[in-house]
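Here is how the chains run, residue by residue.
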Amino acid sequence: MALIVQKYGGSSVWSTDRIKHAARRVVAAHTAGHEVVVVVSAMGDTTDRLLGMAREVDPVPPPRELDLLLASGEQVSNTLTAMAIHALGARACSLSGPQAGIVTTSVHGEAHIVDVRPERIRRLLDHGAIVLVAGFQGVCRETGEVTTLGRGGSDTTAIALAAALKADVCEIYTDVDGVYTADPRLVPTARLLRHLTYEEMWELAAAGARVLALRSVEHAWRYGVTVHVRSAQGDGPGTVVSDRLREVREPVLVGAAAPAGAGPEVP
Ligand code: ADP
Ligand code: ASP
Ligand code: MG
């Protein structure tokens, strides 16, 4: 039995049909005997639409209100995914970021995760439930306010949870088959990379490959979380990011050079 954290990006929960598809994958992992924690992003372009509406009513929205608004996007997809899992006959419990014990700094819109208190998730897992956590959000202990983690922040939620729970793997389900030598939507000749070290993935993310948010790669690197980037639709092998060197060394081409010497303070 493994403990698996699965993260589904916005395009993977774009519609209720896609949510049902993701739910079937979650339940399959649970039925196979694994403990499963699921992190979901907001449905499709919800975050952009919420940002647009906020600016329609107030050109400079108060950061506190904006964060509370944006956090609601992930709560919609999270609860709907829990319901889709329930409809398949499995036990599911959804938690907001604060309920899941995600503690952050106070900076609205760009908060950093400073602590993860996974006790509640652990108890739910011990009772056989699939636990769903709304991505991209947490709570600041000092201010008591809900914060968001910056764009792409659900990746960071998933990897931070995987580290805190000592998960065997963090699976990132997205709209491409894995990590490529360049953005496959822009460069048709880009090749799928089957295995990357943290450092190689960090360079790609720093150069703008948003398939994994930069901060999430830094968390994975710091805590040694094995990350498996896969397609939410297909069943391809995807890309494993870990500290094991790839068997066959091949040059990793990046779209732009990473700033020299700008690596994170990680081993
Ligand atoms: P999600 O909603 O699942 O978080 P994102 O849009 O944040 O998905 O990230 C996936 C996108 O990242 C892909 O659709 C692709 O266009 C882009 N991308 C950029 N660079 C790369 C790369 N090197 N490998 C794979 N995808 C990349
Ligand atoms: N919904 C947030 C965003 O669009 C977080 C995420 O998708 O990871 O950036
Ligand atoms: Mg993303």
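Structure shown above.
Residue numbering note: each chain is counted from 1, following its sequence as written. Working convention: letters from A go to chains and numbers from 1 go to ligands, in the order in which they are written. Local features in a predicted model are, by the rule used here, given only for residues with pLDDT of at least 70; side-chain atom pairs are given and counted only at 80 or more, and totals for whole chains, interfaces and linings are based on all residues. Water and hydrogen atoms were dropped before computing side-chain values, which therefore reflect all heavy atoms in the structure.

Participant: Any chance you could explain the sheet that holds strand 9 (residues 169–174) here in plain terms?
Facilitator: Consider a sheet: its strands pair through backbone hydrogen bonds, and that pairing is either parallel or antiparallel. Across the sheet, which stays open at both edges, the eight strands sit in the order 3-6-2-1-9-11-12-10 with mixed pairing between neighbours. Edge positions in the sheet fall to strand 3 (92–95) and strand 10 (195–196), since each of these pairs with one other strand and no more. Note on pairing: DSSP must find at least two bridges between two strands before they are called paired. Per the convention used, a helix needs a DSSP run of H or I reaching at least four residues, while a strand needs a run of E reaching at least two, with both numbered from the N terminus. Bridging between strand 1 (residues 3–8) and strand 9 involves five bridges; their strand directions are parallel. Looking at strand 9, one finds that tyrosine 8 is bridged to tyrosine 173. Against the sheet, helix 4 (residues 119–126) touches strand 1, strand 2 (35–40), strand 3 and strand 6 (130–134), its axis set at about 130° to strand 2. Packing against the sheet, helix 5 (residues 153–164) makes contact with strand 1, strand 2, strand 6, strand 9 and strand 11 (227–231), and its axis sits at approximately 160° to strand 2. Residues are treated as being in contact if the distance between any of their heavy atoms lies within 4.5 Å. Each axis is a line fitted through C-alpha atoms, taken for helices only over the stretch in contact, and angles between the N-to-C directions span 0 to 180 degrees.

Participant: Sorry, what's going on with the site of ligand 1 here?
Facilitator: A cutoff of 4 Å decides nearness: a residue is near a molecule or strand if any of its heavy atoms lies inside that distance of it. Around ligand 1 sit 17 residues, and of these Thr174, Asp175, Tyr180, Asp183 and Arg185 come closest. Polar contact is defined as a pair of N or O atoms within 3.5 Å, subject to the rule that within protein one atom must be able to donate a hydrogen and the other to accept it, and that residues adjacent in sequence are counted only when both atoms are side-chain atoms. At a separation of 3.2 Å, an oxygen atom of ligand 1 approaches a polar backbone atom of glycine 10. Arginine 185 places a side-chain nitrogen or oxygen 2.8 Å from an oxygen atom of ligand 1. Burial of ligand 1 by the protein chains amounts to 89% of its free accessible area of 570 Å². Cavities and pockets were defined on a 1 Å grid built from protein atoms only: a cavity is a group of points that admits a 1.4 Å probe but offers it no way out, a pocket is an open group of points flanked by protein on both sides within 12 Å along at least five of seven lines, and a lining residue is one with an atom within 4 Å of any such point. By definition, a pocket or cavity contains a molecule when more than half of the molecule's atoms lie within 2 Å of the pocket's grid points. With respect to the pocket detection grid, ligand 1 is positioned in the largest pocket. Following the grouping adopted for this structure description, the nonpolar residues are Ala, Val, Leu, Ile, Met, Phe, Trp, Tyr, Cys and Pro, the charged ones are Asp, Glu, Lys and Arg, and the polar ones are all others, Gly among them. By residue class, the composition of the shell around ligand 1 is seven nonpolar, five polar and five charged. Accessible surface area values rest on a Shrake-Rupley calculation with a 1.4 Å probe, where residue burial reflects the displayed protein chains alone.

Participant: I'm lost on the nonpolar core in this one. Help?
Facilitator: Burial of nonpolar side chains together is a common tendency in soluble globular proteins. Grouping buried Ala, Val, Leu, Ile, Met, Phe, Trp, Tyr and Cys residues that are joined through side-chain atoms within 4.5 Å yields what is termed a nonpolar core. Remark: exposure states derive from per-residue accessible area (1.4 Å probe, protein chains only) relative to the maximum for the residue type, with buried under 20%, exposed over 50%, and partly exposed in between. Grouped together as the largest cluster of nonpolar side chains are 44 residues, with contacts concentrated most on Val5, Val37, Ile121, Leu161, Met201 and Val227. With residues up to four places along the chain from it excluded, the contact list for valine 37 reads Leu3, Ile4, Val5, Gln6, Ile121, Leu125, Val131, Val133, Leu161 and Leu165.

Participant: What is the right way to read helix 4 from this model?
Facilitator: Turn by turn, an α-helix covers 3.6 residues, leaving residues three or four places apart pointing in a common direction. Of the residues making up helix 4, those classed as buried are Ile121, Leu124 and Leu125. End-on view of helix 4: buried residues confined to an arc of 100°, all on one side of the axis. Along helix 4, the residues that are exposed and aim more than 90 degrees away from the buried face are Arg123 and Asp126. Directly after helix 4, the chain includes glycine 128, whose backbone phi takes a positive value near 85°. This arc describes the spread of directions from the helix axis toward the C-beta atoms.

Participant: Which parts of the structure should I look at to understand the site of ligand 2?
Facilitator: Every residue lining ligand 2 is accounted for by Ser41, Thr47, Glu74, Phe136, Arg151, Gly152, Gly153 and Ser154. Note that a nitrogen atom of ligand 2 is positioned 2.8 Å from one of the side-chain N or O atoms of threonine 47. Interatomic distance of 2.9 Å between a backbone N/O atom of glycine 152 and an oxygen atom of ligand 2. In isolation ligand 2 exposes 270 Å². Once the protein is present, 86% of that is buried. Taken atom by atom, the bulk of ligand 2 overlaps the largest pocket. For the shell around ligand 2, the class distribution of residues is one nonpolar, five polar and two charged.

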